[in-house]
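Examination of the molecular architecture
Letter by letter, the chains look like this.
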Amino acid sequence: MEARASRPPSFSVSVGGGGGGFGGARGDDSAFSFLSKGWREVRDSATADLRLMRARADSLRTLADRELEHLLASASASAPPPPQPLAAGAPIAELEFVRTRIQPKISELRRRYASHERDLGRRVLEGWAPRGAGGPARARVDLSGITAIRNAIVSEAGVGERWRRAAWSGEAEAEAEEGKEWEVVRMIRDGIKEFERRSQTSEIFEGLRSTGELVEKFKSSLSFNMESQESKEVPPLDVTEILANLVRQSEPFLDQLGIRKDQCDRLVEALYRKQNHSLSEDTSLLENANSSDELDLRIASVLQSTGYRADDGFWSEPAKYEVSDNKRHVAIVTTASLPWMTGTAVNPLFRAAYLAKGTKQDVTLVVPWLCKSDQELVYPNSMTFSSPEEQETYIRNWLEERLGFESNFKISFYPGKFSKERRSIIPAGDTSQFIPSREADIAILEEPEHLNWYHHGKRWTDKFNHVVGVVHTNYLEYIKREKNGALQAFLVKHINNWVTRAYCDKVLRLSAATQDLPKSIVCNVHGVNPKFLKIGEKITADRESGEPSFSKGAYFLGKMVWAKGYRELIDLMAKHKSDLEGFKLDVYGSGEDSQEVQSTARKLDLSLNFFKGRDHADNSLHGYKVFINPSISDVLCTATAEALAMGKFVICAEHPSNEFFMSFPNCLTYKTSEEFVARVKEAMDREPQPLTPEQRYNLSWEAATERFMEYSDLDKVLNNEVVQPGQAGTRNKMRRTSQPNLSDIMDGGLALAHRCLTGSEVLRLATGAIPGTRDYDKQHCVDMGLLPPQVQQPVYGW
């Protein structure tokens, strides 16, 4: 069955004698009846066609007779009454000619036409009729019948014209010979043949002409390409250019050795500027290009001149999230969560709310979950939660009280543990696994160095299409204050370089006070709670109505740890105790160093009044006119921005961390302790200026979100654009089509080495990790409903 079914069907029918076919005489009868039936159908069809042709010929003949009769009638009507014989000789002769010569000829033509028609039908039927049972073995068609039909049709078309020419030219004798072809038919037939011949010839010549034009175009394009390639001779790379490219591509390794990026850039420029190669006749490509871009284009032109083409890299990336609809997915991963009132808990929460207002992306905020034993150490007033759902409800309620719109984003949790020594939350296990692969599109890592110190899991840039890091904290400044701080700061600096280069595509630093990290740019992407802007608007309205806007003096607010500016505050107050006589400062804060800070202030007899920490938006703080913040360890103090939004004076150090605030008229900065005293007296003696609408907008989260979208390239990613700022896509295009990127290979090598090192529990403990944080523990499984780590990643699976 299969062999037969796999072959196309093939049939052969034989008519007449022979024992094949369908078997014996019965098969012959069936075949003959089949052919007879077919012949009858063909004969009937041909008979119908002949009848139609005869009807058309009769119609044409009738029309010719009518025209002839009309001609004779008009000729008779135009003849005058019987004139004199001599005068009427010519008309009578013409009429006589018509009666004696034309009418008999017409009768002869009708007779010949009828006989020719009968002969035509007979020959067609004889051609289709079978020759009898013992005739030939197969039916055939006499093609002469078809030729006769064609000649008859052609004859019909020219019969009227022939009659006219025969009647008026006197050439009727040319038709006297029987069987001779009509002149008109022969002329029409020859004309048709000539027309067919010319048509075929013109088609051939037209095809040859088109082919010739195609060949000429191909030759011209080929010669153009050959000429352009021959005229564009690219000189090969020399030693200095190779060295410049090697230095630039080795920046990750050199950075680990302590060689700064600016030093590498200067070295690259010194090596490359010695050359004077023309990269392109189109100078528009180099308008915004620096030395590194020009070197890329130079190498690309050399490689392209050799015909070389490279893939995007040596290592093929694993499959990532594919955009299948118009919605993109943004995951914001942070290191803290409410009710811990710290910057990395509050600011990512507002960022998620404002990013979720966009129509192009869905947002998920990923925050740490702490077991109850750690919650008691971190959250204020011994607040605890029994489940992630309960904590999520608290977070959403807190946010709704401060927003003027309904937030629309998801909240997810990952396991975390609190480190007393570092006073921060450390992720437990692979944080990236708590973001589903179907949503792994864009990742925003709040404090990327913190999240990845002990990260032992999948590389973020392998799982996500675009990874942005936001640096909140100046860890080096904090570490320098500890024992052996200089050595620890040196190690942490290089580890931070390591992990941010390996795990981020772009890094945003809130201010220049932070460490200069790879792939980083300085931009303030934080705003203030809308509630503080409303407080400032109310204070301005009260002042315009004549009511007193500020009833209290100066205050300071912050977590009570020495590194948060308390050391600088006590030193300034102690040094200028006599200069600031009568000046009192209220201090609000709680923290690990509360008792030590307060005892030190009492020993020095400073005019400091201490209160427990409270929300900056508390009504008891609205009446203060001056906010003092001497801290230089902050990256971008949120409390300073909130005080400016409320319309207060702010006194702070002239430091990179306060550079964003210096453009506001109510921000008073100082460089020395003497200037600090002068700024305090100035602020206490006058009133702050009301904020303009532009200044209020610059402090808002709407403006901060716009800055974030621009400087993180998130707006281009959401629009599927890959153009880098100021480069018009030239550098990336040339890199993709010309050379493998050594920097990407270095980043991949750093990520692999980091994963190998963080997999060792001994090395983790030696560098200060919390024991057992390579994977989450049993309590996390109970609280979050997780499977044990050995089930999530079985030892027998690979």
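The rules behind each value
- Residues numbered from 1 in each chain as written.
- Predicted model: local features only at pLDDT ≥ 70, side-chain atom pairs only at ≥ 80, totals over all residues.
- Heavy atoms only, no water.
- UniProt positions renumbered as here; feature names shortened; annotations may be inferred.
- Helix = DSSP H or I, 4+ residues; strand = E, 2+ residues; numbered from the N terminus.
- Buried < 20%, exposed > 50% of the residue type's maximum accessible area, 1.4 Å probe, protein only.
- Pairing = 2+ DSSP bridges.
- Right-handed = clockwise from strand over helix to strand, strands pointing away.
- Patch = residues over 30% accessible without salt bridge, like charges linked within 9 Å, V, L, I, M, F, W, Y side chains within 5 Å.
- Areas by Shrake-Rupley, 256 points an atom, 1.4 Å probe, with all protein chains shown as cover.
- Salt bridge = Lys/Arg side-chain N within 4 Å of Asp/Glu carboxyl O.
- pLDDT = per-residue confidence, 0-100.
- Contact = heavy atoms within 4.5 Å.
- Axes fitted to C-alpha atoms, helices over the stretch in contact; angles between N-to-C directions.
- Parallel < 35°, antiparallel > 145°, perpendicular 65-115°, else oblique.
- Polar contact = N/O pair within 3.5 Å; in protein donor to acceptor, adjacent residues only side chain to side chain.
- Phe/Tyr/Trp six-rings, centres within 6.5 Å; stacked < 30°, edge-to-face > 60°.
- Core = buried A, V, L, I, M, F, W, Y, C linked by side-chain atoms within 4.5 Å.
- Expected span 1.5 Å × (residues − 1).
- Arc of directions from axis to C-beta.

- In the annotation of an unreviewed UniProt entry, the entry for the protein chain reads Digalactosyldiacylglycerol synthase 1, chloroplastic, and the organism field reads Urochloa decumbens.
- UniProt, in the comment section headed Catalytic activity (unreviewed entry), describes the protein chain in these words: "a 1,2-diacyl-3-O-(beta-D-galactosyl)-sn-glycerol + UDP-alpha-D-galactose = a 1,2-diacyl-3-O-[alpha-D-galactosyl-(1->6)-beta-D-galactosyl]-sn-glycerol + UDP + H(+)".

1. Considerations on the overall build of the protein chain
- Broken down by element type, the protein chain carries 29 helices and 14 strands.
- Classification of the 798 residues of the protein chain by burial places 43% in the buried group.

2. Concerning the pairing of strand E11 (residues 608–611)
- Of the strand pairs in this sheet, strand E10 (residues 585–588) and E11 are connected by four bridges, and their pairing is parallel. From the neighbouring strand, leucine 585 faces E11, where its bridge partner is leucine 608.
- Regarding topology, helix H19 (residues 594–603) serves as the crossover connection from E10 to the parallel E11, and that connection is right-handed.

3. What to know about a nonpolar patch on the surface
- Together, Val239, Leu243, Leu246 and Leu742 make up an exposed nonpolar region whose accessible area comes to about 340 Å².
- The greatest single-element share of the nonpolar patch, amounting to three residues, is contributed by helix H6 (residues 239–249).
- Mapping leucine 742 onto the fold places it in helix H26 (residues 742–758).

4. Quick look at the environment of arginine 248
- Counting through the fold element by element, arginine 248 comes out in helix H6.
- Expressed as a C-alpha distance, the spacing of arginine 248 and serine 743, which sit 495 residues apart in the sequence, is 8.6 Å.

5. What to know about the confidence of the model for the protein chain
- Taken residue by residue, the protein chain gives an average pLDDT of 75. The fraction at 70 or more is 64%.
- Counted against residues more than four places away or in other chains, residues 82–91, with its pLDDT under 50, gives one contact.
- The low-confidence segment residues 277–289, where pLDDT is below 50, has 17 contacts with residues more than four positions distant or belonging to other chains.

6. Re the packing of helix H10 (residues 343–355) against helix H12 (residues 388–400)
- In the contact formed by H10 and H12, the axes pass within 12 Å of each other and the chain directions differ by 75 degrees. When the axes of H10 and H12 are compared, the pair comes out roughly perpendicular. Every residue of H12 that contacts H10 at Val346, Leu349, Phe350 and Ala353 is listed here: Ile395, Trp398 and Leu399.

7. Structural notes on the sheet that holds strand E4 (residues 424–427)
- Strand order in the open sheet formed by eight strands is E4-E3-E2-E1-E5-E6-E7-E8, with mixed pairing between adjacent strands. Edge strands, defined here as strands with exactly one partner in the open sheet, are E4 and strand E8 (520–522). Adjacent strand axes in the sheet meet at a mean angle of 30 degrees when their direction is disregarded.
- Pairing analysis gives six bridges linking strand E2 (residues 361–369) to strand E3 (residues 410–419), with the strands arranged parallel. The partner of valine 367 across the bridge, within E3, is phenylalanine 413.
- On the sheet, helix H23 (residues 701–711) packs against strand E5 (442–446), strand E6 (466–471), strand E7 (506–509) and E8 and is oriented at approximately 145 degrees with respect to E7.

8. Concerning the side chain of serine 631
- Mapped onto the fold, serine 631 is located in the loop between strand E12 (624–629) and helix H20 (638–645).
- A polar contact of 3.3 Å, which involves the side chain of serine 631, links it to the side chain of serine 633.
- Engagement of the side chain of serine 631 in a polar contact is seen with the side chain of aspartate 634, the distance being 3.2 Å.
- Contact partners of serine 631, with chain neighbours within four places excluded, come to Ala563, Lys564 and Gly565.

9. Things to note about the packing of aromatic side chains
- Under the criterion given, the structure shown has 20 aromatic pairs.
- Between tryptophan 453 and tyrosine 475, the aromatic rings sit 5.0 Å apart at their centres with planes inclined by 65 degrees, giving edge-to-face as the arrangement. Remark: tyrosine 475 occurs in helix H15 (residues 475–480) and tryptophan 453 occurs in the loop between helix H13 (448–452) and helix H14 (460–463); sequence separation between them is 22 residues.
- Classification of tyrosine 475 by relative accessible area gives buried; the value is 12%.

10. Some details on the sheet that holds E12
- The strand order across the open sheet built from six strands is E11-E10-E9-E12-E13-E14, with neighbouring strands paired in parallel fashion. The open sheet has two edge strands, E11 and strand E14 (667–670), and neither has a second partner. Averaged over neighbouring strand pairs, the angle between their axes works out to 25 degrees when direction is ignored.
- Where strand E9 (residues 552–557) meets E12, three bridges bridge the pair, whose relative direction is parallel. Considered in E12, the bridge of alanine 554 is made with valine 626.
- Each of E9, E12, strand E13 (649–653) and E14 touches H20; the most contacted strand, E12, lies at about 160 degrees to it.

11. Points about unusual backbone geometry
- In this structure, proline 339 follows leucine 338 across a cis peptide bond, with omega equal to 10 degrees.
- Mapping proline 339 onto the fold places it in the loop between strand E1 (328–333) and H10.
- Unlike most non-glycine residues, glutamate 447 shows phi in positive territory, near 65 degrees.
- Among the structural elements, glutamate 447 can be located in the loop between E5 and H13.
- Backbone geometry at aspartate 713 places phi at a positive 65 degrees, although glycine is not the residue there.
- Judged by its relative accessible area of 5%, aspartate 713 falls in the buried class.

12. Structural notes on the nonpolar core
- By size, the foremost hydrophobic cluster in this structure holds 104 residues, and its most contacted members are Leu355, Phe409, Leu585, Ile628, Ile651, Phe676 and Phe708.
- Per-element tally for this core: the top contributor is H10, with eight residues.
- Aside from chain neighbours lying at most four places away, what touches leucine 585 is Ala554, Tyr555, Phe556, Leu569, Ser607, Leu608, Asn609 and Ile628.
- Counting 26 residues, the second-largest nonpolar core is a separate cluster that includes Val333, Trp498, Cys504 and Cys781.

13. Thoughts on H26
- The first and last C-alpha atoms of H26 sit 24 Å apart over 17 residues, in line with the 24 Å expected at 1.5 Å per residue.
- When H26 is considered as a whole, its buried residues turn out to be Ser743, Asp747, Gly748, Leu750, Ala751, His754 and Thr758. The buried residues of H26 occupy an angular sector of 160 degrees when the element is viewed end-on, so they sit on one face. Residues of H26 that are exposed and point more than 90 degrees away from the buried face comprise Leu752 and Cys756.

14. Remarks on the side chain of threonine 514
- Tracing the sequence through the fold places threonine 514 in the loop between E7 and E8.
- Note on threonine 514: relative accessible area 6%, which makes it buried.
- A polar contact is formed between the side chain of threonine 514 and the backbone oxygen of serine 511, at a distance of 3.0 Å.
- Ignoring any residue separated from it by four or fewer positions in sequence, one finds threonine 514 in contact with Val471, Thr473, Asn474, Arg509 and Val635.

15. Here's the deal with helix H8 (residues 261–272)
- When the terminal C-alpha atoms of H8 are compared, their 16 Å separation across twelve residues agrees well with the 16 Å that a helix rising 1.5 Å per residue should span.
- The set of residues buried in H8 consists of Cys264, Val268, Leu271 and Tyr272. One side of H8 holds all its buried residues, which, seen down the axis, span an arc of 90 degrees.

16. Details of the environment of proline 368
- Here proline 368 lies in strand E2.
- For proline 368 and alanine 336, which are 32 residues apart along the polypeptide, the C-alpha to C-alpha distance reads 6.2 Å.
- Not counting chain neighbours up to four residues away, the residues in contact with proline 368 comprise Thr334, Thr335, Ala336, Ser337, Phe413, Tyr414 and Ile425.

17. Quick word on the pattern of salt bridges
- According to the stated counting rule, one finds 21 salt bridges in the structure shown.
- Glutamate 537 is the salt-bridge partner of arginine 696, the closest N and O atoms lying 4.0 Å from each other. Here glutamate 537 lies in helix H17 (residues 530–544) and arginine 696 lies in helix H22 (residues 693–699), a separation of 159 residues in the sequence.
- Residue arginine 679 pairs with glutamate 682 through a salt bridge whose shortest N-O separation is 3.8 Å.

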